[in-house]
Amino acid sequence: MVGPNARKGAQLKKVLTTTDLVLLGLGAMVGTGIFVVTGLGAERAGPALALSFLLAAAACALAALCYSEFASMIPVAGSGYTYSYATLGEIAAWVVGWSLIAEYGLASAAVSVGWSGYFQSLLGGLGIHLPAMLTSAPGINANGEQTLFNLPACLVMLFITTILSLGIRESKRFNNLLVLIKVAVVLMVVIVGVWYVKPENLTPFMPFGVSGIVSGAALAFFAFIGFDAVSSSAEEVSDPQRSLPVGLLGSLAICAVLYASVALVSTGIVPFAQFVGVDDPIALVISRTGVTWLFYLVNIAAILGMLTVILVMTYGLTRLVFAMSRDGLLPPVLSKVNDRQIPVTSTWGLGILAALIAGIVPLGTLAELINMGTLMAFILMSVAVPVLRLRRPDIKRSFSMPMPFVLGPLSVLICLILAFSLAWLTWVAFIIWMLVGLLFYFTYSQRHARTENLE
């Protein structure tokens, strides 16, 4: 089932092209992962981190095939929520939507906190220091100083919200420019860094064996979170049947190659054991080369890169909430659009909420739910494709997932393996989040939802 307002209610303007979608995907993925996960993953997998990135990308690719088939059939806002509604029913759709709200919302806040750290580091290099109480969430920092609020994280979240409220055309221009800059810098890191690689640092290549590669992949999975936000743009794409599959799979493939290349160069320059406790691994790698101009360029690229991650994740969140509201599962005010066809009420409401969360909640706490919410959505999406093939084989599919009855279950299996590799506290937090969501569903959403058959 798909909510009736997906066709009859508020509509969004179609302005996105295939290139825009690829750049949106890169905007979501090339950022926190490449500038942070590279170091953390090297601790688990050693030089074989490159294989961990490729394994994580393969797991995401299976989910991307599912998203691509649905996106080509149901070109409306909402991503996995809308697709689950069309195949598995209202409750499953609510579970996916609620899971994705956790992914997109908390990721926006978490990356804002990460951005704040890089920004303060850059300011520190220029001799500028903010008052300690405005540098982090409530607590005591490493210097023993009292902190009360992360002002930079809050302000950057509000800045991105302002960009999104101007319209999708303006947002895509902002994203496209920054993506081109940061991808150019990442390529420069690889091209320059390869001349400083020491073969002895890559031996042994798999110091922790296959288990190290799998462990690294479970962590590296975080680096690819956000590609699914591209499918949230379906209703604003000029030619969704052709462009969405290319945007999803194309951006994922490019990102996988970039990550694997950076991992090989990084562990070839710096012995993997030396990444322990390093928050800015790429900056460390470049500092070892002695190329000063590239060192500063990498720090600037990290800040710019995180901006696009925040933008795409927040964009995905607003379009998801828009679709759920339009279907009656969330209050109707969240699906109202202005004269420029922008859901401005939900954009500002969600943006302000994320800004407050970024200001007062520590990064470690924010990260608890992100991976789990994504994996839950991927699992249900992987089930939905073969289910719809059985229920409605007659529906025209502009893009068809190959071997759905093999790759669908395989995707579920891989996602479960990754989910069970997460800490038990993550499971507890996720269960609490889902219980809150189900309480809201049975007290509000179920009574206000409206459905119609998928055509």
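These numbers were taken from a predicted model, which means no experiment stands behind them.

1. Some details on the overall build of the protein chain
Looking only at helices and strands, the protein chain features 17 helices and two strands. Put simply, the protein chain has 455 residues, and 59% of those count as buried. Sequence-distant contacts, at least 24 apart, represent 81% of the contacts inside the protein chain between residues at least 6 apart. When the accessible surface of the protein chain is totalled, it reaches about 17200 Å², and 71% of it is carbon and sulfur.

2. Observations regarding a nonpolar patch on the surface
On the surface, Leu51, Leu54, Leu55, Phe205, Met206, Val210, Val214, Leu264, Leu410, Leu413 and Ile417 cluster together into a nonpolar patch covering about 880 Å² of accessible area. Residue assignment for the nonpolar patch shows that the elements contributing at least two residues are helix H4 (49-73), helix H9 (209-224) and helix H16 (404-420). Among the secondary structure elements, Leu410 is positioned in helix H16.

3. Remarks on the state of the cysteines
Evaluated as defined, the whole model comprises zero disulfides. Of all cysteine sulfurs, the one in Cys415 lies closest to Cys66, which takes part in no disulfide; the gap is 8.9 Å. The exposure class assigned to Cys66 is buried, which follows from its relative accessible area of 0%.

4. Let's talk about unusual backbone geometry
Note the cis peptide between Thr203 and Pro204, where omega equals -5°. Among the structural elements, Pro204 can be located in the loop between helix H8 (168-193) and H9.

5. Quick notes on the nonpolar core
If you look at the biggest cluster of nonpolar residues, it comprises 135 residues, and the most contacted ones within it are Phe53 and Phe224. Examining the composition of this core, we find that 18 residues originate from one element, helix H12 (residues 292-326), more than from any other. Among residues more than four places away in sequence, those in contact with Phe53 are Val37, Thr38, Ala220, Ala223, Phe224, Tyr259, Ala260 and Ala263.

6. Describing helix H13 (residues 344-360)
For H13, spanning 17 residues, the distance from its first C-alpha to its last is 24 Å, which sits close to the expected 24 Å at 1.5 Å a residue. Every buried residue of H13 is accounted for by Ser346, Thr347, Leu350, Gly351, Ala354, Ala355, Ala358 and Gly359. At its buried positions, H13 is contacted by helix H6 (90-125), helix H7 (151-166) and H12.

7. Side note on the packing of aromatic side chains
Summed over all chains, the structure comprises 10 aromatic pairs. A centroid spacing of 4.7 Å and a plane angle of 10° characterise the contact between Trp115 and Phe119, whose relative ring orientation is stacked. Here Phe119 and Trp115 lie together in helix H6, a separation of four residues that amounts to about one turn. Overall, Trp115 belongs to the buried group, its relative accessible area being 9%. With a centroid separation of 5.7 Å and 80° between ring planes, the pair formed by Phe208 and Phe272 is classed as edge-to-face.

8. Some words on the packing of H7 against H13
When two helices pack together, their arrangement is given by the angle between the helix axes and the distance between those axes. Between H7 and H13, the least distance of the axes is 8 Å, while the angle of their chain directions is 170°. In terms of axis orientation, H7 runs roughly antiparallel to H13. In this structure, H7 crosses over H13, and the sense of that crossing is right-handed. From H7, Ala153, Cys154, Met157, Leu158, Thr161, Thr162, Leu164 and Ser165 reach across to H13, where they touch Val344, Thr347, Trp348, Gly351, Ile352, Ala354, Ala355 and Ala358. In terms of residue class, the contact of H7 with H13 is made up of 11 nonpolar, five polar and no charged.

9. What about the side chain of Asn150?
Take Asn150: it is sitting in the loop between strand E2 (146-147) and H7. At 3.2 Å, the side chain of Asn150 forms a polar contact with the backbone nitrogen of Ala153.

10. So, the environment of Gly373
Of note, Gly373 is situated in helix H15 (residues 370-391). Exposure remark for Gly373: the relative accessible area of 0% places this residue in the buried category. When the C-alpha atoms of Gly373 and Trp433 are compared, they prove to be 9.6 Å apart, with 60 residues separating the residues in sequence. In this structure Gly373 touches Ser99 and Phe430, once residues within four positions along its chain are discounted.

11. Focus: the environment of Arg447
The topology assignment puts Arg447 in helix H17 (residues 424-448). Under the relative-accessibility criterion, Arg447 is labelled exposed at 61%. At 2.6 Å, the side chain of Arg447 forms a polar contact with the backbone oxygen of Thr443.

12. A look at the environment of Ala419
With respect to the helices and strands, the residue Ala419 is situated in helix H16. According to the relative accessible area criterion, Ala419 is buried, its value standing at 2%. Aside from chain neighbours lying at most four places away, what touches Ala419 is Met372, Leu375 and Trp427.

13. Things to note about the packing of H7 against H12
Running from amino to carboxyl end, H7 crosses H12 at an angle of 60°, the nearest separation of the two axes being 10 Å. Judged by the inter-axis angle, H7 sits oblique to H12. Remark: the crossing between H7 and H12 carries right-handed chirality. Contacts from Val156, Met157, Ile160, Ile163 and Leu164 in H7 reach Leu307, Ile310, Leu311, Thr314 and Tyr315 in H12. Looking at the contact of H7 with H12 residue by residue, the classes come out as nine nonpolar, one polar and no charged.

14. Let's talk about helix H11 (residues 281-289)
Counting buried positions over the nine residues of H11 gives seven, a clear majority of the element. Considered for burial, the residues of H11 that qualify are Pro281, Ile282, Ala283, Leu284, Val285, Ile286 and Thr289. Looking one or two places after H11, you find Gly290, whose phi comes out positive at around 80°.

15. Thoughts on the confidence of the model for the protein chain
Confidence along the protein chain averages 79 in pLDDT terms, with 86% of residues attaining 70 or more. Across the protein chain, element-level confidence peaks in H7 with a mean pLDDT of 89 and bottoms out in helix H1 (residues 5-8) with 46. Per-residue pLDDT stays below 50 along residues 1-8; that stretch engages in 33 contacts with residues further than four places along the chain or on separate chains.

Cut-offs used in this document
- Residues numbered from 1 in each chain as written.
- Predicted model: local features only at pLDDT ≥ 70, side-chain atom pairs only at ≥ 80, totals over all residues.
- Heavy atoms only, no water.
- Helix = DSSP H or I, 4+ residues; strand = E, 2+ residues; numbered from the N terminus.
- Buried < 20%, exposed > 50% of the residue type's maximum accessible area, 1.4 Å probe, protein only.
- Contact = heavy atoms within 4.5 Å.
- Areas by Shrake-Rupley, 256 points an atom, 1.4 Å probe, with all protein chains shown as cover.
- Patch = residues over 30% accessible without salt bridge, like charges linked within 9 Å, V, L, I, M, F, W, Y side chains within 5 Å.
- Salt bridge = Lys/Arg side-chain N within 4 Å of Asp/Glu carboxyl O.
- Disulfide = S-S within 2.5 Å.
- Core = buried A, V, L, I, M, F, W, Y, C linked by side-chain atoms within 4.5 Å.
- Expected span 1.5 Å × (residues − 1).
- Phe/Tyr/Trp six-rings, centres within 6.5 Å; stacked < 30°, edge-to-face > 60°.
- Axes fitted to C-alpha atoms, helices over the stretch in contact; angles between N-to-C directions.
- Parallel < 35°, antiparallel > 145°, perpendicular 65-115°, else oblique.
- Left-handed = near helix turned anticlockwise from the far one by under 90°.
- Nonpolar A, V, L, I, M, F, W, Y, C, P; charged D, E, K, R; others polar.
- Polar contact = N/O pair within 3.5 Å; in protein donor to acceptor, adjacent residues only side chain to side chain.
- pLDDT = per-residue confidence, 0-100.

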